[in-house]
Amino acid sequence: MSNRALFLDRDGVVNEDHGFVHRVEDVIFQKGILELGRYFTARGWKIVIVSNQSGIARGYYGHEDVDKLHAFIREKFGFHKVNITDIFYCPHYPPVSGPCGCRKPEPGMFLEAAEKHGIDLRRSIMVGDKSSDMAAADAAGIERKYFLQGGYEYSPEHGGTVIADLREIIALESEDPDFPE
């Protein structure tokens, strides 16, 4: 099994981000996410979702709501032959719960995933849609990063390749001679 992982932000990458998504009926999968997942699953990569879920600390919804939504995502991905290795989320919101090491831009979720699943972070990939995603991946030592254009402005400070469609990653990675088949 590969010791590389494809890290995916949830809201904005796995599913469309329309503000504090926490109910199954509100999930709209991002265009190209299943193709991307199948591509990496077929090549033996681990797929790990890392997500800030400050709605918990803010009192908008609870852990059980997030767990239910994540079970739904796993089920839908599995139906499409995409294996999600794990899902990590940060329930904190610093103005309410104080600072933590897991809320992106901190690297805590990546470090926990690496330890739990034996992931080589340097050889992994992160796909996000916010500068905090790129900063967290950078802090964790992930060299390959993709920034999905959407509602947030790209900041080149932490690197990353800007893409408009998740399927661009397949084309870019398949052209790379260092990408393991």
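Above this text is the structure in question.
Residues numbered from 1 in each chain as written. Predicted model: local features only at pLDDT ≥ 70, side-chain atom pairs only at ≥ 80, totals over all residues. Heavy atoms only, no water.

Trainee: Looking at this structure, I do not really get the overall build of the protein chain. What am I missing?
Mentor: Each helix and strand counted, the protein chain has six helices and six strands in total. Its C-alpha atoms give the protein chain a radius of gyration of 15 Å, within 12% of the compact-globule value 16 Å for 181 residues. With the C-alpha coordinates of the protein chain rotated into their principal frame, the extents come out at 45 × 35 × 30 Å. Here the protein chain holds 181 residues, and the buried ones make up 49% of them. (Helix = DSSP H or I, 4+ residues; strand = E, 2+ residues; numbered from the N terminus. Rg over C-alpha atoms; globule rule 2.2 N^0.38 Å. Buried < 20%, exposed > 50% of the residue type's maximum accessible area, 1.4 Å probe, protein only.)

Trainee: So what exactly am I meant to see when it comes to the layout of surface pockets here?
Mentor: It is the rolling of a water-molecule-sized probe over the atoms that shows where space remains empty. In this model, the largest pocket occupies a volume close to 300 Å³. In terms of lining, the largest pocket is formed by 17 residues, of which the most central are Asp11, Asp17, Asn52, Ser54 and Lys130. Of all the secondary structure elements, the ones that give two or more residues to the lining of the largest pocket are strand 2 (46-52) and helix 5 (131-140). Within this model, the second largest pocket holds a volume of roughly 170 Å³. Looking at the lining of the second largest pocket residue by residue, the classes come out as four nonpolar, five polar and five charged. (1 Å grid on protein atoms, 1.4 Å probe; cavity = no way out; pocket = protein on both sides within 12 Å on 5 of 7 lines; lining within 4 Å. Points joined across faces, edges and corners; volume = space filled by probe spheres on them. Nonpolar A, V, L, I, M, F, W, Y, C, P; charged D, E, K, R; others polar.)

Trainee: How should the pattern of salt bridges be read in this particular structure?
Mentor: Side chains that carry opposite charge are capable of pairing whenever their charged atoms lie near each other. For the coordinates displayed, the defined rule picks out 14 salt bridges. Across the salt bridge formed by aspartate 9 and lysine 130, the nearest N and O atoms sit 3.9 Å from each other. Taken together, the positions of aspartate 9 in strand 1 (residues 5-9) and lysine 130 in the loop between strand 4 (125-128) and helix 5 put the pair 121 residues apart, joining distant regions of the chain. Exposure class is identical for aspartate 9 and lysine 130. Each is buried. In this structure, the salt-bridge partner of aspartate 17 is lysine 130, at a minimum N-O distance of 3.6 Å. Of this pair, aspartate 17 sits in the loop between strand 1 and helix 1 (33-42) while lysine 130 sits in the loop between strand 4 and helix 5; the two residues are 113 residues apart in sequence, bridging distant segments of the chain. Residue aspartate 17 is classed as partly exposed on the basis of its relative accessible area, which comes to 30%. Overlapping salt bridges bring together Asp9, Asp17, Lys104, Asp129, Lys130 and Asp133 as one network. (Salt bridge = Lys/Arg side-chain N within 4 Å of Asp/Glu carboxyl O.)

Trainee: Can you walk me through the environment of alanine 5 in this structure?
Mentor: Assignment of secondary structure puts alanine 5 in strand 1. Separated by 121 residues in sequence, alanine 5 and methionine 126 place their C-alpha atoms 8.3 Å apart. The residues contacting alanine 5, other than those within four sequence positions of it, are Trp45, Lys46, Val48, Ile119, Ser124 and Ile125. (Contact = heavy atoms within 4.5 Å.)

Trainee: Looking at this model, I keep getting lost on unusual backbone geometry. Mind explaining?
Mentor: Across residues other than glycine, the phi torsion is negative in most instances, and most of the peptide bonds are trans. At phenylalanine 20, a residue that is not glycine, the phi angle is positive and equals roughly 50°. The exposure class assigned to phenylalanine 20 is partly exposed, which follows from its relative accessible area of 34%.

Trainee: I keep staring at the packing of aromatic side chains and nothing clicks. Help me out?
Mentor: One pair of aromatic rings is described through two measures. These are the centre distance and the angle between the planes. In total, this model carries seven aromatic pairs according to the counting rule given. For the pair phenylalanine 20 and tyrosine 60, a centre-to-centre distance of 4.8 Å together with 90° between the ring planes defines the contact as edge-to-face. Of this pair, phenylalanine 20 sits in the loop between strand 1 and helix 1 while tyrosine 60 sits in the loop between strand 2 and helix 2 (63-79), placing them 40 residues apart in sequence. The structure contains a cluster of three or more aromatic residues connected by ring pairs, namely Phe29, Phe72 and Phe77. When the ring centre of tyrosine 39 is taken as reference, the NZ or CZ atom of arginine 43 above it lies at 3.6 Å. The aromatic ring of tyrosine 93 is capped on one face by arginine 58, whose charged end is 3.6 Å from the ring centroid. (Phe/Tyr/Trp six-rings, centres within 6.5 Å; stacked < 30°, edge-to-face > 60°. Lys NZ or Arg CZ within 6 Å of the ring centre and 35° of its normal.)

Trainee: How should I be thinking about helix 4 (residues 108-117) in this particular structure?
Mentor: Since one α-helical turn is 3.6 residues long, residues separated by three or four positions face the same way. Met109, Phe110, Ala113, Ala114 and His117 are the residues of helix 4 that are buried. Angular distribution of buried residues about the axis of helix 4 spans 135°; they occupy a single face of the element. Exposed residues pointing more than 90 degrees away from the buried face of helix 4 are listed as Glu115 and Lys116. As for helix 4, its buried residues are in contact with strand 1, strand 2, strand 3 (86-90), strand 4 and helix 5. Glycine 118, located one to two residues past helix 4, shows a positive phi value of around 65°. (Arc of directions from axis to C-beta.)

Take it as geometry only, folks, not as evidence of what the structure does.
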